[in-house]
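Here's the letter readout for the chains.
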Amino acid sequence: MANHKSAKSRIVRNNKRSIINGARRSRVRTFVKKVEAAILSGNKEQAAEAFKVAESELMRAVRKGVYKMNTAARTTSRLSKKIKAL
């Protein structure tokens, strides 16, 4: 258990950030799943629209420090490739 005031406040802060970051990560996953669902249905226009939103969410997560840039770029690239193959 933490003994210093600063250490105690870091524990509280880290728990809050963990909840916020978890929500952000979940939000990104949801948007990526929407793109993948549109791809599976074979609807290119719907997939392209969902991709735009998902890409935006991924980049926002990068800015907030939830994901690394390469992870977001890799995910974006793979989704884009799947949409182009439709």
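Refer to the structure printed above.
Residues numbered from 1 in each chain as written. Predicted model: local features only at pLDDT ≥ 70, side-chain atom pairs only at ≥ 80, totals over all residues. Heavy atoms only, no water.

**With respect to the nonpolar core**
Judged by nonpolar contacts, the single largest core of 18 residues is most densely connected at Val-28, Val-35, Ile-39, Tyr-67, Leu-79 and Ile-83. Of all elements in the fold, only α1 (5-41), α2 (44-64) and α3 (69-85) reach the threshold of two or more residues within this core. If sequence neighbours within four positions are ignored, Ile-39 has contacts with Ala-47, Leu-79, Lys-82, Ile-83 and Leu-86. (Core = buried A, V, L, I, M, F, W, Y, C linked by side-chain atoms within 4.5 Å. Buried < 20%, exposed > 50% of the residue type's maximum accessible area, 1.4 Å probe, protein only. Helix = DSSP H or I, 4+ residues; strand = E, 2+ residues; numbered from the N terminus. Contact = heavy atoms within 4.5 Å.)

**Topic: the packing of α2 against α3**
Contact geometry of α2 with α3 gives a least axis separation of 10 Å together with a crossing angle of 175°. When the interaxial angle is binned, α2 and α3 end up roughly antiparallel. Each of Lys-44, Ala-47, Ala-48, Phe-51, Glu-55, Leu-58, Met-59 and Val-62 in α2 lies in contact with α3, whose residues at this interface are Met-69, Ala-72, Thr-75, Thr-76, Leu-79, Ser-80, Ile-83 and Lys-84. Here the contact of α2 with α3 is composed, by residue class, of 10 nonpolar, 3 polar and 3 charged. (Axes fitted to C-alpha atoms, helices over the stretch in contact; angles between N-to-C directions. Parallel < 35°, antiparallel > 145°, perpendicular 65-115°, else oblique. Nonpolar A, V, L, I, M, F, W, Y, C, P; charged D, E, K, R; others polar.)

**Comments concerning the pattern of salt bridges**
All chains considered together, the criterion is met by 2 salt bridges. Residue Glu-57 is joined to Arg-27 by a salt bridge in which the shortest nitrogen-to-oxygen separation is 3.0 Å. Within this pair, whereas Glu-57 is found in helix α2, its partner Arg-27 is found in helix α1, the two being separated by 30 residues in sequence. Its relative accessible area of 7% is what places Glu-57 among the buried residues. Of the residues examined, Arg-27 reaches a relative accessible area of 42% and is grouped as partly exposed. Glu-57 serves as the salt-bridge partner of Arg-60, at 2.8 Å between the closest nitrogen and oxygen. Of this pair, Arg-60 and Glu-57 both sit in helix α2, 3 residues apart, which is roughly one turn of that helix. (Salt bridge = Lys/Arg side-chain N within 4 Å of Asp/Glu carboxyl O.)

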